[in-house]
Amino acid sequence: MKNPFPFLQKKNNPAKMQAGYVKYSSLIGNDAFADWALIILATCLIAGALIGVGGYVYVETQAELNSQGSILPASAAAANFDVVKLKSIITTFDARTNERVMLGKGYVGPKDPSLP
């Protein structure tokens, strides 16, 4: 039967039979120089990818900012502003502020030892 994966078959390469021949994959984890070379290579590849993505996002953002945008007319912007709702929110915040002030004045617990 013929091997369906011939690239996995070991070949008798005369260079591999010579004394002192070491496969590069066996150096990983065993040779500090090979480890540092892989670390630097991976760092350069990741940095290059991040710089490329950042440049792409920058160019696309600049193109989007320079393109014609739709500006809402003043009447449409004013229609989204609700004066009654703003007044109710301000009233709610004023009430909360007054409650906080009253609680601060009415506190009769022990004094803070860090204060003189």
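All figures in this text were calculated on a predicted structure; none of them were measured in a lab.

Cut-off values and rules
- Counting starts from 1 at the beginning of each chain's written sequence and moves along it residue by residue.
- Whole-chain, interface and lining totals are the exception, using all residues; otherwise, since this is a predicted model, local features are given only for residues with pLDDT of at least 70 and side-chain atom pairs are given and counted only at 80 or more.
- Where side-chain values are given, they derive from all heavy atoms of the structure, hydrogens and water being excluded.
- A run of H or I in DSSP becomes a helix once it reaches four residues, and a run of E becomes a strand once it reaches two; helices and strands are each numbered from the N terminus.
- Under the scheme applied here, a residue whose accessible area is under 20% of the maximum for its type counts as buried, over 50% as exposed, and between as partly exposed, the area being computed with a 1.4 Å probe on protein chains only.
- Every accessible area reported is derived by Shrake-Rupley at a probe size of 1.4 Å, with residue values counting cover from the shown protein chains alone.
- To estimate how far a helix should extend, the number of its residues minus one is multiplied by 1.5 Å.
- Nitrogen and oxygen atoms within 3.5 Å of one another constitute a polar contact, given that in protein one can donate a hydrogen and the other can accept it, and given that sequence-neighbouring residues count only through two side-chain atoms.
- Think of pLDDT as the predictor's per-residue confidence, scored from 0 to 100.

S.K.: Honestly, the overall build of the chain in this entry has me stumped. Any pointers?
M.R.: Scanning the chain from terminus to terminus reveals five helices and zero strands. The secondary structure elements of the chain, listed N-terminal to C-terminal, are α-α-α-α-α. Per-residue burial over the chain gives 1% buried out of 116 residues. Here the chain has roughly 11,500 Å² of accessible surface; of this, 66% comes from carbon and sulfur atoms.

S.K.: Is there a simple way to think about helix α5 (residues 83–105) in this case?
M.R.: The end-to-end C-alpha distance of α5 is 33 Å, a good match for the 33 Å that 23 residues give at a rise of 1.5 Å each. Here α5 lies mainly on the outside; zero of its 23 residues are buried. Residue Asp82 occupies the N-cap position of α5, its side-chain oxygen lying 3.5 Å from the main-chain nitrogen of Val84.

S.K.: Can you walk me through the confidence of the model for the chain in this structure?
M.R.: Detail in the predicted coordinates should be disregarded across regions flagged by low pLDDT. On average, residues of the chain score 80 in pLDDT, and 70% of them reach the 70 mark or higher. At the level of individual helices and strands, the chain shows its lowest average pLDDT in helix α1 (residues 14–17), which scores 58, and its highest in helix α3 (residues 32–66), which scores 94.

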